[in-house]
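# A structural walkthrough
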Amino acid sequence: MLEIRNLHVNVADQEILKGLNLKVNAGEVHSIMGPNGSGKSTLAQVLAGRASYEVTEGEIIFEGKDLLGLAPEERACEGIFMAFQYPVEIPGVANTYLLREALNSIRKYRGLEPLKHVEFAKLAKEKMGIMGMPDNLLKRSVNEGFSGGEKKKNEIFQMEILEPKLAILDETDSGLDIDALKVVADGVNALRNPERAFVVITHYQRLLDYIVPDFVHVLVDGRILKSGGKELAFELEDRGYGWVEEEAGKAVNN
Amino acid sequence: MSVDLEKLAEQEYKYGFFTDIEQEIAPKGLGENTIRMISSKKEEPEWLLEWRLKAYKHWLTMKEPQWAHVTFPPIDYQNISYYAAPKTKDRPKSLDEIDPEIRKTYEKLGIPLDEQMMLAGVAVDAVFDSVSVITTFKEKLAESGVIFCSISEAVREHPELIKKYLGFVVPQHDNFYAALNSAVFTDGSFVYVPKGVRCPMELSTYFRINAESTGQFERTLIIAEEGSYVSYLEGCTAPKRDENQLHAAVVELIAHKDATIKYSTIQNWYPGNAEGEGGIYNFVTKRGRCVGRNSRISWTQVETGSAITWKYPSCILEGDDSVGEFYSVALTNRRQQADTGTKMIHIGKNTSSTIVSKGISAGHGQNTYRGLVQIGKDASGARNYTQCDSMLIGDKCGAHTFPYIEVKNSTAQMEHEASTSKIGEDQIFYCQQRGLSAENAVSLIVNGFCKEVFKELPFEFAIEAEKLLSISLEGSVG
Ligand SMILES: Nc1ncnc2c1ncn2[C@@H]1O[C@H](COP(=O)(O)OP(=O)(O)OP(=O)(O)O)[C@@H](O)[C@H]1O
Ligand SMILES: [Mg+2]
């Protein structure tokens, strides 16, 4: 589904991603872990198409298409969704309004009729229920005055409505209480199916108890230094990232 | 693919067509003869002609105001025609007598004049260049005692009210453009709501400039007697032309005891092209007097058109407990310039005023908020809340604010909030990530920014305003 080859990315003229490779197949859940500032969010933003992140080398193929040639909204319409690490507030724009516009824009791209108000309201209500979010969060302005946890839940709520092919969750677990964590994980698990893939960025092995990944990758200084199964997450939790770097360092030196 | 906020494409102005009909257009030039001609065309009484001539003499001694944050080449007042009207034998008495071309024009503008086809509950006065071509639902309104007609008709039919109230709020010598208007005003609307009556319909006037090289000098007068209520809305459009045309209006509102006047404007005059050629100069004096206790005047304006806007809808709060409100959205794109705001003059006790101003600048647009809040020495317990927000789209535009506050009574409570922000690249990206184009994202974010003002508009017009804003923003992102 997704293949990233030798990706180099500059932010503000500084190289952040330094030759990253990653392959994600449909139906898989990949977790990306790594120290602060290692480039995890950068990767997510580049996949979503943020203009300020400059790709200097490498390629990204999504479902056979050259992803880097597509505008952010085209990527969204092709089925890429990113749950933001820091969701932005949009004053005066109702949460439900943005989401309906978004869904209908995606539907239009796919040649589908726009969803009518009532149909959308029904869908939104159902998903709100699943997420255990109070109704008023729909009417309120996008993320404005939402608590940290509410913002994160709202991202997952949007994901459930938009039903992407590839969902990238950037530290969606940070700031969530334990109940909310379960709700978010349930939301993700409910969407897991053979056609859909997830890239889950997190610092905590705890999330992976709920969303069990097929692969865990360690991103350090702009490169994936180690990949493994879910047991790698436990090892990282125990030992930190130092040993991964050392191991990789030896490999380079040898 | 990047969001290039600087790139500015030519947007399409939907209302830029010209109606080819036979018109009677006065020769260019301004003098006492011009004024006599206008007055006689309108079959005005002698006193009104004298009133006009007095204004004219005063105007000759005045200079154009220079303090506004706008620039334009000097206007040659002798190079303007001051009267243009469709040629008809008589004043049309019913719809059937109106030139079909004019009816078509209004249909194209989305304002069908046929009462059956109109928005339910909205009466329209249609002003075409210098004359009102029709006023709808007059009879129905008359049943509740409401007078709604053109100001020319009011001069003939209700001279006592005109004599009493013309210039009651904006004196002839008030300012350069008001004096000019007092001398040469042609048409506009007249509204009189009698005591205790809640006007059963929305009233509206649709101003259309059509003829070339003419100025439009609108004069509107709204009087709300004790305990009455009226909501009035005006809309404006003009053809696309290379020349600049002047629209210099005077609007006067009078609210008596316990009366409320709600006045909304959706101003969409031709804004000129991307190079700043053409477009309307919208130099307007709008003011209301809350003369009675507990009266209220509320101005809501959505200003998206015009090459230059110079406009400060104001409230003089004379009656105790009276309320003045000003809700404004002003958008300048391309080379547009707007210098707009309000004056809230607190004279009575416990008077209160609210100002909410949202300025949006895109392209090379220059947007200025200019406001005065004045608390007189007897205005104990006066309150004002001012919120003044500017949004910039791109980096070639400008936002400026000039808030003036004069307080002569120590019990006044003043609150002032101001913000200037660039439209967030992160907000646009967030919307794009959810599937919206950059253009739709900008329009969504800007509409959200203006929400507090739009919610003051009558419902049908709020939707209209949102659409208009989106159209006016076209080309502000590439
Ligand atoms: N706009 C920017 N300007 C300058 N530097 C930036 C910018 N965005 C990111 N960076 C830098 O790029 C590096 C990688 O940032 P990134 O957000 O990808 O890290 P991360 O792995 O997600 O970290 P965390 O775990 O703290 O979220 C950091 O050093 C950061 O300071
Ligand atoms: Mg991060």
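Just above sits the structure.
Treat the numbers as computed from the prediction; the structure is a model and nothing was measured.

## Observations concerning the overall build of chain B
Counting its secondary structure elements, chain B contains eleven helices and 23 strands. The C-alpha radius of gyration of chain B comes to 22 Å, within 12% of the 23 Å expected for a compact globule of 478 residues. Taken over the C-alpha atoms alone, chain B extends approximately 65 × 55 × 50 Å along its principal axes. Here chain B, with 478 residues, has 64% of them falling under the buried criterion. Within chain B, contacts between residues at least 6 apart in sequence are counted, and of these 84% link residues at least 24 apart. For chain B, the accessible surface area stands at approximately 17,700 Å², while carbon and sulfur atoms represent 49% of it. Between the mean site of the 51 positive side-chain charges and the mean site of the 64 negative ones, chain B shows a separation of 3 Å.

## Focus on the environment of Lys467(B)
All names here are of chain B. If you trace the backbone, Lys 467 turns up in helix H11 (residues 459-473). For Lys 467, a relative accessible area of 49% corresponds to the partly exposed category. Considered as a pair, Lys 467 and Ser 443 are 24 residues apart in the sequence and their alpha carbons are 9.1 Å apart.

## Points about the sheet that holds strand S19 (residues 352-361) of chain B
Residues and elements named next belong to chain B. Judged by pairing direction, the sheet is mixed, and its ten strands sit side by side in the order S4-S3-S7-S9-S12-S14-S17-S19-S21-S23 without closing on themselves. At either end of the open sheet lies a strand with only one pairing partner, and these are strand S4 (131-135) and strand S23 (413-422). Here the average twist between neighbouring strands, direction ignored, is 10°. Contacts between H11 and the sheet are confined to strand S3 (122-128), strand S9 (229-237), strand S12 (260-267), strand S14 (296-303) and strand S17 (323-332), with S17 contributing the most and set at about 30° to the helix.

## A closer look at the sheet that holds strand S6 (residues 80-83) of chain A
Residue and element names in this part refer to chain A. Ordered by their spatial adjacency, six strands build an open sheet running S6-S9-S10-S3-S11-S12, and the pairing between neighbours is mixed. The sheet is open, and its two edges are formed by S6 and strand S12 (223-228), each paired on a single side. Within the sheet, the average angular offset between the axes of one strand and its neighbour, ignoring direction, is 20°. For strand S11 (residues 215-220) and S12, the ladder comprises five bridges, and the chain directions are antiparallel. The residue bridging Val 218 from the neighbouring strand is Lys 226, located in S12.

## As for the coordination of the magnesium ion (ligand 2)
Residues and elements named next belong to chain A. The protein atoms that coordinate the magnesium ion (ligand 2) are Ser 41 (OG) and Gln 85 (OE1), at distances spanning 2.0 to 2.2 Å. Of the two residues, Ser 41 sits in helix H1 (residues 40-48) while Gln 85 sits in the loop between S6 and strand S7 (90-94), which places them 44 residues apart along the sequence. Given a relative accessible area of 17%, Gln 85 falls into the buried group.

## Details of the side chain of Glu225(B)
All names here are of chain B. On the secondary structure map, Glu 225 appears in the loop between strand S8 (219-224) and S9. Here Glu 225 is buried and forms no salt bridge, its nearest opposite-charge partner Lys 164 lying at an N-O distance of 5.6 Å. Residue contacts for Glu 225: discarding those within four places in its chain leaves Tyr 165, Tyr 192, Val 193, Pro 194, Lys 195, His 256 and Ala 259.

## Describing empty space enclosed by the protein
Residues and elements named next belong to chain B. Applying the stated criterion across every chain, the model contains eight cavities of 30 Å³ or more. Considering only enclosed or pocket space, the largest cavity measures out at about 100 Å³ in volume. Lining the largest cavity are 17 residues, and of these Ser 357, Gly 359, Asn 367, Thr 368 and Tyr 369 lie nearest its centre. Where the lining of the largest cavity is concerned, the elements lending two or more residues are S17, S19, strand S20 (366-375), strand S21 (383-392) and strand S22 (398-407). Per-element tally for the lining of the largest cavity: the top contributor is S19, with five residues.

## Quick look at the layout of surface pockets
What the second largest pocket holds in volume is close to 750 Å³. In this structure, the second largest pocket is lined by 27 residues; those nearest its centre are Tyr97(A), Leu444(B), Asn447(B), Gly448(B) and Glu466(B). Elements with a minimum of two residues in the lining of the second largest pocket: S7 and helix H3 (95-109) of chain A together with helix H9 (438-449), helix H10 (451-454) and H11 of chain B. The element that contributes the greatest number of residues to the lining of the second largest pocket is H11(B), accounting for eight residues.

## A look at the site of ligand 1
All names here are of chain A. Taken together, 15 residues sit near ligand 1, with Gly 37, Lys 40, Ser 41, Thr 42 and His 203 positioned nearest. A distance of 2.9 Å separates an oxygen atom of ligand 1 from a polar side-chain atom of Asn 36. In isolation ligand 1 has 640 Å² of accessible area, and contact with the protein removes 63% of it. For the shell around ligand 1, the leading source of residues is H1, giving three residues. Tallied by class, residues from the shell around ligand 1 come to five nonpolar, eight polar and two charged.

## With respect to the pattern of salt bridges
All names here are of chain A. Overall, the coordinates contain 34 salt bridges over all chains when judged by the stated rule. In this structure, the salt-bridge partner of Lys 127 is Glu 126, at a minimum N-O distance of 4.0 Å. With relative accessibility at 10%, the residue Lys 127 sits in the buried group. Here the salt bridges share partners, and the residues they tie into one network are Glu 3, Arg 5 and Glu 59.

## Observations regarding H1(A)
Residue and element names in this part refer to chain A. The element H1 is largely enclosed, with a buried count of eight among its nine residues. Listing the buried residues of H1 in full gives Lys 40, Thr 42, Leu 43, Ala 44, Gln 45, Val 46, Leu 47 and Ala 48. At the exit of H1 stands Gly 49, carrying a positive phi of roughly 100°.

## Observations concerning the interface of chain A and chain B
Taken together, the contact between chain A and chain B spans 33 residues of the former and 20 residues of the latter. Of the roughly 2,200 Å² buried where chain A meets chain B, counting both sides, 63% is carbon and sulfur surface. It is Arg50(A), Glu73(A) and Val88(A) in chain A that bury the most area against chain B; as a group they hold 23% of the surface buried on that side. Where chain A touches chain B, the interface holds two salt bridges. One salt bridge in this structure joins Glu425(B) and Arg50(A), with 3.2 Å as the shortest N-O distance.

## As for the packing of H3(A) against helix H4 (residues 117-131) of chain A
Residues and elements named next belong to chain A. Interaxial distance between H3 and H4 falls to 11 Å at its minimum, and their mutual angle equals 110°. One element, H3, and the other, H4, form an angle in the roughly perpendicular class. In the packing of H3 onto H4, the handedness of the crossing is right-handed. Contact with H3, carried on its side by Thr 96, Leu 99, Arg 100 and Leu 103, involves His 117, Phe 120 and Leu 123 of H4 and no other residues of that element. Partitioning the contact of H3 with H4 into residue classes produces four nonpolar, two polar and one charged.

## Side note on unusual backbone geometry
Of note, Asn143(A) is a non-glycine position whose phi angle comes to about 60°, a positive value. With phi around 55°, Asn350(B) is a residue other than glycine that occupies positive phi space. Note that Asn350(B) resides in the loop between strand S18 (337-346) and S19. Given the relative accessible area of 40%, Asn350(B) is considered partly exposed.

So, how was this worked out
- Residues numbered from 1 in each chain as written.
- Chains lettered and ligands numbered in written order.
- Predicted model: local features only at pLDDT ≥ 70, side-chain atom pairs only at ≥ 80, totals over all residues.
- Heavy atoms only, no water.
- Helix = DSSP H or I, 4+ residues; strand = E, 2+ residues; numbered from the N terminus.
- Rg over C-alpha atoms; globule rule 2.2 N^0.38 Å.
- Buried < 20%, exposed > 50% of the residue type's maximum accessible area, 1.4 Å probe, protein only.
- Contact = heavy atoms within 4.5 Å.
- Areas by Shrake-Rupley, 256 points an atom, 1.4 Å probe, with all protein chains shown as cover.
- Lys, Arg positive; Asp, Glu negative; His and termini not counted.
- Charge placed at Lys NZ, Arg CZ, Asp CG, Glu CD.
- Pairing = 2+ DSSP bridges.
- Axes fitted to C-alpha atoms, helices over the stretch in contact; angles between N-to-C directions.
- Donors = N, O, S within 2.8 Å, 3.2 Å for Na, K, Ca; no water.
- Salt bridge = Lys/Arg side-chain N within 4 Å of Asp/Glu carboxyl O.
- 1 Å grid on protein atoms, 1.4 Å probe; cavity = no way out; pocket = protein on both sides within 12 Å on 5 of 7 lines; lining within 4 Å.
- Points joined across faces, edges and corners; volume = space filled by probe spheres on them.
- Near = heavy atom within 4 Å.
- Polar contact = N/O pair within 3.5 Å; in protein donor to acceptor, adjacent residues only side chain to side chain.
- Nonpolar A, V, L, I, M, F, W, Y, C, P; charged D, E, K, R; others polar.
- Buried area = accessible area lost by both parts, 1.4 Å probe.
- Parallel < 35°, antiparallel > 145°, perpendicular 65-115°, else oblique.
- Left-handed = near helix turned anticlockwise from the far one by under 90°.

Bear in mind that shape data such as this cannot, by itself, settle questions of function.
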